[in-house]
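Fold and contact review
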Amino acid sequence: MILVTRFAPSPTGPLHIGHAFAALFAFDAARAAGGRFLLRIEDIDASRCRPEFEAAILEDLHWLGLRWEEPVRRQSDHFADYRAALARLEALGVLYPCFCTRADIQREIAASPAAPHGPDGPLYPGTCRHLGTAERQRRTNSGEAYALRLDVTRAMASVTGPLTFHDDGHGTIVADPAQFGDVVLARKETPASYHLSVTVDDHLQGVTLVTRGHDLLPATHVHRLLQALLGHDVPAYRHHRLLLDENGQRFAKRNRSVTLQSLRESGVTPAEIRRRIGL
Ligand code: GLU
């Protein structure tokens, strides 16, 4: 089996040295195995993504020495694929419309002293999970905005478990998707969430090894459940360390001094970048 990896940046700002690490990590993994390396532009969130950042990303990666297969998959060109996945999940009866605003959710959480927390903060309290069919129908028909959430308990009950995935650093991990509660898979303004689009794309692109930062290991638990529901093959995972600055903080897009563009303009070479990040 040919190894296929990918780097999947979001064009919401300039790439910095932390991205260089993630990109080279994926690229080197493919090269070491004589495999294929893909680049994917994750621009689902139209309010934050800009074409000029996408152009700058391609330029930076090229300068770093990365080469990828064409065409580059741009998520905003593929909403039909995410809609098809949502339709499959809908047919399985594991989605429900959620009409809560952020303020509704905060109020509900504040009112319940023992609100459970997950990796991203307090879990959705499940308000709309209990709405009847007639009320759902009435509110969607009236044009009220809603998100689609995954009913994680139902979803887990509908798959034959246990669900596991393999991480090169951690071995076999039993997935616990419920730690995030009923995640949002689509919203009116963003018709596919990160969890949905990344899972669908890795499948459609035949990615066999997902490499990404350790901060995203919890998210893989949700992706594993989506793979089971959608009948996807399960890739291997290599969640890597995050590059930290001298204060032990993650590099941020707003920190201009470590953008690849400014490093390049100050005369730093790609070989020097590799040395700095330890690759
Ligand atoms: N677009 C995501 C990011 O930039 C990709 C994460 C992933 O590789 O799954 O964090």
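Since the model is a prediction, treat every value here as computed from it, not as a measurement.

What follows covers the sheet that holds strand 3 (residues 73-74). A sheet is described by the order of its strands in space; here three strands give the open sequence 1-2-3, paired in parallel fashion. Two strands in the sheet have a free side with no partner beyond their single neighbour: strand 1 (4-7) and strand 3. Pairing between strand 1 and strand 2 (residues 36-41): four bridges, direction parallel. Opposite Val-4, over in strand 2, you have Arg-36 as the bridge partner. Each of strand 1, strand 2 and strand 3 touches helix 7 (residues 194-204); the most contacted strand, strand 2, lies at about 145° to it.

Following the criterion strictly, the structure yields one cavity of 30 Å³ or more and no others. Of the voids in this model, the largest cavity is the one considered here, and its volume is about 30 Å³. Lining the largest cavity are Val-198, Thr-199, Asp-202, Val-210, Arg-212, His-223, Gln-227, Pro-235 and Tyr-237. Sorting the residues of the lining of the largest cavity by element identifies helix 7, strand 11 (209-213) and helix 8 (217-230) as the ones contributing at least two each. For the lining of the largest cavity, the element with the highest residue contribution is helix 7, accounting for three residues. Taken together, the residues of the lining of the largest cavity break down into four nonpolar, three polar and two charged.

Here the focus is the site of the ligand. Close to the ligand lie Arg-6, Ala-8, Ser-10, Glu-42, Tyr-194, Val-198, Arg-212 and Leu-216. One of the backbone N or O atoms of Ala-8 is found 2.8 Å from a nitrogen atom in the ligand. At 2.6 Å, a side-chain N or O of Glu-42 approaches a nitrogen atom of the ligand. Burial of the ligand by the surrounding chains reaches 75%, relative to a free accessible area of 300 Å². Here the residues of the shell around the ligand are counted per class, giving four nonpolar, one polar and three charged.

This part covers the nonpolar core. Core analysis: the largest hydrophobic core is formed by 34 residues, its most contacted members being Leu-89, Leu-150, Leu-185, Leu-196, Leu-225 and Leu-229. Of all elements in the fold, only helix 3 (79-91), strand 7 (147-150), helix 6 (152-158), strand 10 (184-186), helix 7 and helix 8 reach the threshold of two or more residues within this core. By residue number, the principal contributor to this core is helix 8, which donates six residues. Residues contacting Leu-229, with those up to four places away along its chain left out, are Leu-89, Leu-92, Val-94, Leu-150, Ala-155, Ser-158 and Val-159.

Turning our attention to the side chain of Asp-182. Topologically, Asp-182 is positioned in the loop between strand 9 (171-174) and strand 10. A distance of 3.0 Å separates a polar atom in the side chain of Asp-182 from the backbone nitrogen of Val-152. Leaving out residues up to four positions away in the same chain, Asp-182 has contacts with Tyr-96, Tyr-124, Arg-129, Arg-149, Leu-150, Asp-151 and Val-152.

Rules and cut-offs
- Residues numbered from 1 in each chain as written.
- Predicted model: local features only at pLDDT ≥ 70, side-chain atom pairs only at ≥ 80, totals over all residues.
- Heavy atoms only, no water.
- Pairing = 2+ DSSP bridges.
- Helix = DSSP H or I, 4+ residues; strand = E, 2+ residues; numbered from the N terminus.
- Contact = heavy atoms within 4.5 Å.
- Axes fitted to C-alpha atoms, helices over the stretch in contact; angles between N-to-C directions.
- 1 Å grid on protein atoms, 1.4 Å probe; cavity = no way out; pocket = protein on both sides within 12 Å on 5 of 7 lines; lining within 4 Å.
- Points joined across faces, edges and corners; volume = space filled by probe spheres on them.
- Nonpolar A, V, L, I, M, F, W, Y, C, P; charged D, E, K, R; others polar.
- Near = heavy atom within 4 Å.
- Polar contact = N/O pair within 3.5 Å; in protein donor to acceptor, adjacent residues only side chain to side chain.
- Areas by Shrake-Rupley, 256 points an atom, 1.4 Å probe, with all protein chains shown as cover.
- Core = buried A, V, L, I, M, F, W, Y, C linked by side-chain atoms within 4.5 Å.
- Buried < 20%, exposed > 50% of the residue type's maximum accessible area, 1.4 Å probe, protein only.

The quantities given are spatial measurements derived from coordinates; they are silent on function.
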